Amino acid sequence: MKKTIQLLLVLAFCSQTGFAQKETTILTIKNTAEAPTINKNIYGHFAEHLGRCIYGGFFVGDTSKIPNTKGVRNDIIAALKELQIPNLRWPGGCFADTYHWKDGIGLQQERPTIVNKWWGGTTEDNSFGTHDFLNMCEVLGAEPYLSGNVGSGTVQELADWVQYTNFSGKSPMSDLRKKNGRTEPWKVKFWGIGNEAWGCGGNMTAEYYAGEYRKFATFMSDWENTGGITRIASGSNSEDYNWTEVLMKSIPNNMLGGLGVHHYAVIDWSKKGDGTDFSEDGYFHTMKSALKMEELVTKHAAIMDKYDPAKKVAMIVDEWGAWYEVEKGTNPGFLYQQNTMRDAVLAGATLNIFNNHADRVRMANLAQCVNVLQAVILTDKAKMITTPTYSVMKMYRVHQDAKLLPLSFQSPLYTFNGETLPAISASASKDKNGAVHISLVNVDAKNNNKIEIDIKDLGVKNFTGTIITSAKLQDYNSFENPNKIVPAVFKGFENKKGKLEITVPPFSVLVLEGK
Ligand code: AHR
């Protein structure tokens, strides 16, 4: 009888809140010295000459009324500095294999135009080029990651780009750089050798690309030992494990600084669904595709381990994020989409996967930074807003270069229409000052999840929390209501004698900080 009354009380509570209650998940954190450091570059971004990412996004030109520094919007610079973005990949994407960098240097009015074949057939006037990008990276405090043209470029062209940006002595390319107003080299570290070589980068086979890679990589000199350049191979399309196998087998480890992987969360490539107008079905299947990242990283890493047991070659997930149909009324070639709580959950869960695989994943680039796909920033003329994904990146920046704290737990399930996904995603780290950060995501669209964490061995006592959630999964920040979804203080936890008891609301992302 007593039990029946208790059950009725619980049910009454659930129907009041609208959320069902689940059993508590016990999450164990291992405070071990052997764990890897979470490379800050996992929190990297991507900026392509695509739609309104560069033109109308980052770059408005120095004659614009919108406040700018050498043509780059000041509001975007400030927002990205706040995120502490560690690196920025440019100029593509598919665009990279059509881009000839010499078109984008020298006097702007003398630069040739090209047609952007992949993205809307727009005329590109090359007004944003190498100097503009690399100077912007300096202002942002971000490492540039240049994607070289293999598909339609030459070995000489890419070798020259390295010399132009990195050589300080006298040489044809450093003289040209100086003539164009830059004395000191930028010393660009990260170099992509082609992009999606299996597709828009040249429709190559893995075997053919491996040969091309070796040739291009050989002539990209590491000028004057400037700390070394990291050569990054164009990686597989999602679960193309053969691509990884062939590249790892065919390219000596000492020629390969990193190997890419691209994976987009998409419901169905032929019917991608709307960015804001979606049902729980759309949410579930976007998350299913996003959470596949765990399997992809695990399986690609296992192949890399075979050829590189010392884990010298980094896995670089240089394109990830959600891909929906473009916002109604916008150019289909511009890939502009809004960004809801669904995207925040997706970002939080994906970043947890990367953190937990920090031994191999050492860089990742969200696609893309401004106005394209899962953007952190959206602009409309002079207006700029940040998205829920931006907030997640901001909350998670505490993991950058912190020591991973490995976790173990059995996730409860999020069930929808007979299909299941793990409901909880988590990762934790300890920063150089000893502060512990635990990031938790409840993927479940309907139910709270209770988590208990033993914190006695972590060397911290006092916890505070930040959360991002909203009334509806479909909520987003608009130009009319830019702060609908912003991080808030989270108080849904108790510290009971060294055990944290946390109630994580449905579709929410939170970070706990212990000091
Ligand atoms: O991010 C958009 C496009 O997606 C990139 O240009 C390409 O690399 C990928 O297919």
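Residues numbered from 1 in each chain as written. Predicted model: local features only at pLDDT ≥ 70, side-chain atom pairs only at ≥ 80, totals over all residues. Heavy atoms only, no water.

With respect to the sheet that holds strand 16 (residues 403-404)
Taken together, six strands build an open sheet; the order of strands is 16-20-21-27-23-24 and the sheet is antiparallel. Each having just a single partner strand, strand 16 and strand 24 (488-489) make up the two edges of the open sheet. As judged from the two bridges shared by strand 16 and strand 20 (residues 424-430), these two strands associate in the antiparallel manner. Directly across from K403, in strand 20, lies its bridge partner K430. Relative to strand 20, helix 9 (residues 341-356) is tilted by about 50 degrees, and along the sheet it contacts strand 16, strand 20, strand 21 (436-442), strand 23 (463-468) and strand 27 (508-514). (Pairing = 2+ DSSP bridges. Helix = DSSP H or I, 4+ residues; strand = E, 2+ residues; numbered from the N terminus. Contact = heavy atoms within 4.5 Å. Axes fitted to C-alpha atoms, helices over the stretch in contact; angles between N-to-C directions.)

Thoughts on the state of the cysteines
If you walk through the whole model with that rule in mind, you get one disulfide. Each sulfur in the disulfide pair C94 and C200 lies 2.2 Å from the other. For the disulfide bridge between C94 and C200, the dihedral angle about the S-S bond is near -85 degrees, and by the sign convention the bridge is left-handed. A residue pair is termed long-range when its members are at least 10 positions apart, and C94 in the loop between strand 5 (87-90) and strand 6 (114-115) and C200 in the loop between strand 9 (190-193) and helix 6 (206-219) qualify at 106 residues. You can call C94 buried: its relative accessible area is 11%. (Disulfide = S-S within 2.5 Å. Buried < 20%, exposed > 50% of the residue type's maximum accessible area, 1.4 Å probe, protein only.)

Observations concerning the pairing of strand 8 (residues 143-148)
Taken across its six residues, strand 8 has five buried, putting it largely inside the fold. Across four bridges, strand 5 lies against strand 8 in parallel orientation. Bridging across to strand 8, W90 finds its partner in L146. Relative to strand 9, strand 8 is paired through four bridges, and the arrangement is parallel. In the strand pairing of strand 9, Y145 is matched with F190.

Some thoughts on the pattern of salt bridges
Inspection of every chain in the model, using the stated rule, returns 26 salt bridges. Salt-bridge contacts for D308 lead to R360; the nearest nitrogen and oxygen are separated by 2.7 Å. Pair noted here: D308 is in the loop between helix 8 (280-307) and strand 12 (314-322) and R360 is in the loop between helix 9 and strand 13 (361-366), with a separation of 52 residues, a long-range link. For the pair shown, D308 and R360 are each scored as buried. (Salt bridge = Lys/Arg side-chain N within 4 Å of Asp/Glu carboxyl O.)

Observations concerning the confidence of the model for the chain
Per-residue confidence for the chain averages 94 on the pLDDT scale, and 95% of its residues sit at or above 70. Here residues 1-21 is modelled with pLDDT under 50, and outside its nearest four sequence neighbours on either side it reaches 14 contacts, counting other chains as well. (pLDDT = per-residue confidence, 0-100.)

Describing the domain arrangement of the chain
Along its sequence, the chain is organised into domain 1 (5-36 + 405-514) and domain 2 (40-401). For domain 1 and domain 2, the distance between their C-alpha centres works out to 31 Å. Counting residues at the interface gives 42 residues for domain 1 and 40 residues for domain 2. Between domain 1 and domain 2, a total of about 3,300 Å² is buried, with carbon and sulfur atoms accounting for 68% of that surface. If you look at where domain 1 meets domain 2, you find two salt bridges. The tally of links between domain 1 and domain 2 comes to 19 residue pairs in polar contact (both at pLDDT 80 or more). If you list the elements that add at least two residues to the side of domain 1 that touches domain 2, you get strand 18 (413-416), strand 19 (419-422), strand 20, strand 21, strand 23 and strand 27. Among the elements that take part in the side of domain 1 that touches domain 2, strand 20 stands out by supplying five residues, more than any other. Here the residues of the side of domain 1 that touches domain 2 are counted per class, giving 23 nonpolar, 15 polar and four charged. (Domains from an automatic or database assignment. Buried area = accessible area lost by both parts, 1.4 Å probe. Polar contact = N/O pair within 3.5 Å; in protein donor to acceptor, adjacent residues only side chain to side chain. Nonpolar A, V, L, I, M, F, W, Y, C, P; charged D, E, K, R; others polar.)

What to know about the sheet that holds strand 22 (residues 449-454)
The sheet built from five strands is open, its strands ordered 17-1-22-26-25 with mixed pairing. Each of the sheet's edge strands pairs with one partner strand only, and the pair in question is strand 17 (407-408) and strand 25 (493-496).

Let's talk about helix 5 (residues 172-179)
Within helix 5, burial applies to M173, S174 and R177. All buried residues of helix 5 fall inside an arc of 100 degrees around its axis, so they share one side. Seen from the open side of helix 5, the exposed residues pointing more than 90 degrees away from its buried face are P172 and K179. Tucked into the core, helix 5 has its buried residues touching helix 3 (130-140) and helix 4 (155-166). Where helix 5 terminates, the next one or two residues include G181, which has phi positive at roughly 100 degrees. (Arc of directions from axis to C-beta.)

Here's the deal with the environment of L440
Note that L440 resides in strand 21. The class of L440 is buried, set by a relative accessible area of 0%. Put simply, L440 and A349 are 91 residues apart on the chain and 8.1 Å apart in space, counted from C-alpha to C-alpha. Not counting the four nearest positions on each side in its chain, L440 is found in contact with L27, S425, A426, I451, I502, V504, S508, V509, L510 and L512.

Things to note about the site of the ligand
The local shell around the ligand holds 13 residues, among which E48, C94, E196, Y264 and E319 are the closest. Between the ligand and the protein, one listed contact pairs an oxygen atom with a side-chain N or O atom of Y264 at 2.7 Å. With respect to the ligand, the side chain of E319 contributes an N or O atom lying 2.7 Å from an oxygen atom. Protein burial of the ligand: of its 280 Å² of free accessible surface, 93% is covered by the chains. By residue class, the composition of the shell around the ligand is seven nonpolar, three polar and three charged. (Near = heavy atom within 4 Å. Areas by Shrake-Rupley, 256 points an atom, 1.4 Å probe, with all protein chains shown as cover.)

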